[in-house]
Amino acid sequence: MGMTAVAATPQVRPVEREDRDRIHSIVVATGHFSQIEADTAMELVDASLAGGEASGYLTYVLETPPGTVHGYVCVGPTPLTEGTFDLYWVAVDPAAQGRGYGRRLVATAEEEVRRRNGRLVLIETSSQEIYRPTVGFYESAGYRLVARIPNFYRPGDDKLVFVRDLVPI
Ligand SMILES: CC(C)(COP(=O)(O)OP(=O)(O)OC[C@H]1O[C@@H](n2cnc3c(N)ncnc32)[C@H](O)[C@@H]1OP(=O)(O)O)[C@@H](O)C(=O)NCCC(=O)NCCS
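Nothing here was measured: the structure is a model prediction, and the numbers come from that model. (Residues numbered from 1 in each chain as written. Predicted model: local features only at pLDDT ≥ 70, side-chain atom pairs only at ≥ 80, totals over all residues. Heavy atoms only, no water.)

Draft legend 1. Molecular detail of the site of the ligand. Taken together, 20 residues lie near the ligand, and Val-90, Val-92, Gly-100, Gly-102 and Arg-103 sit nearest. Val-90 has a polar backbone atom sitting 2.8 Å from a nitrogen atom of the ligand. Within the backbone of Gly-102, a nitrogen or oxygen atom sits 2.8 Å from an oxygen atom of the ligand. Considered on its own, the ligand offers 930 Å² of accessible surface; in the complex 70% of this is hidden by protein. More than half of the atoms of the ligand fall within 2 Å of the grid points belonging to the largest pocket. (Near = heavy atom within 4 Å. Polar contact = N/O pair within 3.5 Å; in protein donor to acceptor, adjacent residues only side chain to side chain. Areas by Shrake-Rupley, 256 points an atom, 1.4 Å probe, with all protein chains shown as cover. 1 Å grid on protein atoms, 1.4 Å probe; cavity = no way out; pocket = protein on both sides within 12 Å on 5 of 7 lines; lining within 4 Å. Sits in = over half its atoms within 2 Å of the grid points.)

Draft legend 2. Seen up close, the sheet that holds strand 7 (residues 157-165). Spatially, the seven strands line up as an open sheet ordered 1-2-3-4-5-7-6, and their pairing is mixed. Each end of this open sheet is capped by a strand with a single partner; those strands are strand 1 (11-14) and strand 6 (144-154). In this sheet, neighbouring strand axes are inclined to one another by 25 degrees on average, regardless of whether the strands run parallel or antiparallel. Pairing of strand 5 (residues 120-126) with strand 7, which is carried by seven bridges, proceeds in the antiparallel orientation. Counterpart to Glu-124 in the pairing with strand 7 is Val-161. Of the strands in this sheet, strand 2 (58-64), strand 3 (68-77) and strand 4 (84-92) touch helix 1 (residues 20-29), which is tilted by about 90 degrees from strand 3. The strands touched by helix 2 (residues 35-51) are strand 2, strand 3 and strand 4; relative to strand 4, the strand with the most contacts, the crossing angle is about 115 degrees. (Pairing = 2+ DSSP bridges. Helix = DSSP H or I, 4+ residues; strand = E, 2+ residues; numbered from the N terminus. Axes fitted to C-alpha atoms, helices over the stretch in contact; angles between N-to-C directions. Contact = heavy atoms within 4.5 Å.)

Draft legend 3. Structural context of helix 1. Of all the residues in helix 1, the buried ones are Ile-23, Ile-26 and Val-27. Along helix 1, the residues classed as buried sweep out an arc of 100 degrees about the axis, all on the same side. After helix 1 finishes, the residue Gly-31 shows a positive phi value of roughly 70 degrees. (Buried < 20%, exposed > 50% of the residue type's maximum accessible area, 1.4 Å probe, protein only. Arc of directions from axis to C-beta.)

Draft legend 4. Quick peek at the layout of surface pockets. Empty space within the largest pocket amounts to approximately 1,000 Å³. Taken together, 38 residues make up the lining of the largest pocket; nearest its centre are Phe-33, Thr-125, Tyr-131, Thr-134 and Tyr-138. Broken down by secondary-structure element, the contributors of at least two residues to the lining of the largest pocket are helix 2, strand 4, helix 3 (101-115), strand 5, helix 4 (132-140), strand 6 and strand 7. At seven residues, strand 4 tops the list of elements feeding residues into the lining of the largest pocket. (Points joined across faces, edges and corners; volume = space filled by probe spheres on them.)

In structure tokens form, the structure reads like this:
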């Protein structure tokens with residue numbers, strides 16, 4: 001344990017139906033996502049709950065015993081590629097940010113990608129100021145900016161594409 005006091009060792013596990021409301025609260029609490037974005041985030045969670053891996057979405061939650069979920073990640077194979085995965089969503093409850101939970105969730109997603117012979121992970125994000133800390137988070141996790149599509153989301157709001165090459169194990 002480092003300088004930060006952490007209540008208990010966090011565990012990362014596949015999402016369960018009981019996690020749905022908590023995940024929704026976390027997505028809303030981040031203050032980062034519009035209603036439509038939050039709905040989209042929940043569609044991916046619902047797809048993985050309903051269809052499991054066959055849905056194309058893998059969702060994991062981080063909890064500290066005795067069962068408080070603090071964040072989640074959603075990743076899946078990119079259609080029509082061999083070994084490329086999209087990291088669709090990662091969010092940590094603002095009350096629990098800065099404890100390494102986001103890092104742990106991304107590391108879990110990458111492990112699961114490797115287990116499925118994945119080699120490349122993509123993350124897309126917006127160039128809005130509010131995402132600047134998120135960009136710092138991706139860079140510190142080993143992702144590099146490889147593309148920018150100007151005015152993608154709306155005029156003045158670019159799409160940024162980050163990638164990480166996974167080292168074979
Ligand atoms: C981005 C997010 C998932 C990070 O989760 P977190 O648990 O706070 O991050 P961690 O504590 O694991 O931090 C991991 C690393 O990122 C860095 N980091 C985290 N927040 C940062 C910030 N605001 N500015 C710069 N770096 C930051 C940390 O310094 C740490 O780096 P280090 O290990 O080299 O010290 C979380 O802030 C979040 O949910 N944000 C809102 C939602 C969002 O933007 N999601 C992504 C778009 S889908």
